[in-house]
Amino acid sequence: ATLQTNKHRHAWSLLAIVDFTGFAETHSTTGHTTAASLPDSSKFFWSHGPTRWQAEVGLAVKHTFLQHFNTTDDSSWQEIAPGRAAKLSLRGQSGALDLYVCYLPTGPQTESEKLHIINKLRDCLAPNDTVLSILMGDWNFVMETEDRLCLRTMDFTGRPDRPLARNFQTMLDAHQLHELEQP
């Protein structure tokens, strides 16, 4: 309980200084999110998988930020891959904004599932001249061979991710999306 409380406290402190934040790997259920003590300053959107062990994602958006757009309803939130990827579409006087939150499965045995979700994301992305799209989440692969080290051997381990990373980069390039550097 202490660990979870500390995680919640940290998430809420971050949400206090930003307009929106995505949550990946929440391991939540509808019951958990209904019973949770969530900040009143934000509206929360959740995508639960078939079991609470299949990741789950969420998005929190401050009410003050939502005021810049038309009213959000159930049709504004689209589950692209339940528990793995979802999108909130905001439209209004301030323009068009799509917020994506994702959590791809872990491990090399899940590469086909990762590719399937990336392809579904690619198919959902609107043209960049009509909407600003922001993708947030944990992709569970690296873009460059040197992006990940094995702590035991100190060898680079990113090479097996190259085919998936190339596919992801193709999606980014096609929609003129750019990754924010995370050292």
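Just so we're clear, the structure is a prediction, and the values are computed from it rather than from any experiment.

### Topic: the environment of His68
Item 1. Among the structural elements, His68 can be located in the loop between helix H3 (63-66) and strand E4 (77-81).
Item 2. The exposure class of His68 is partly exposed, given its relative accessible area of 42%.
Item 3. Sequence-wise, His68 and Leu90 are 22 residues apart; in three dimensions their C-alpha atoms are separated by 9.0 Å.
Item 4. Every residue in contact with His68, bar those within four places of it in the chain, is listed here: Gly92, Gln93 and Ser94.

### Considerations on the pairing of strand E7 (residues 132-138)
Item 1. With seven bridges connecting them, strand E6 (residues 95-103) and E7 associate as parallel partners. The residue of E7 that forms the bridge with Leu99 is Ile134.
Item 2. At this point the chain moves from E6, through helix H4 (residues 111-124), to the parallel E7, and the crossover so formed is right-handed.

### As for helix H5 (residues 162-174)
Item 1. Here H5 spans 18 Å end to end across 13 residues, near enough to the 18 Å set by a 1.5 Å rise per residue.
Item 2. Of the positions making up H5, those classed as buried are Leu164, Ala165, Phe168, Met171 and Leu172. All buried residues of H5 project into a common sector of 120° when viewed along the axis, lining one side. Facing away from the buried side of H5, by more than 90 degrees, are the exposed residues Thr170, Asp173 and Ala174.

The rules behind each value
- Residues numbered from 1 in each chain as written.
- Predicted model: local features only at pLDDT ≥ 70, side-chain atom pairs only at ≥ 80, totals over all residues.
- Heavy atoms only, no water.
- Helix = DSSP H or I, 4+ residues; strand = E, 2+ residues; numbered from the N terminus.
- Buried < 20%, exposed > 50% of the residue type's maximum accessible area, 1.4 Å probe, protein only.
- Contact = heavy atoms within 4.5 Å.
- Pairing = 2+ DSSP bridges.
- Right-handed = clockwise from strand over helix to strand, strands pointing away.
- Expected span 1.5 Å × (residues − 1).
- Arc of directions from axis to C-beta.

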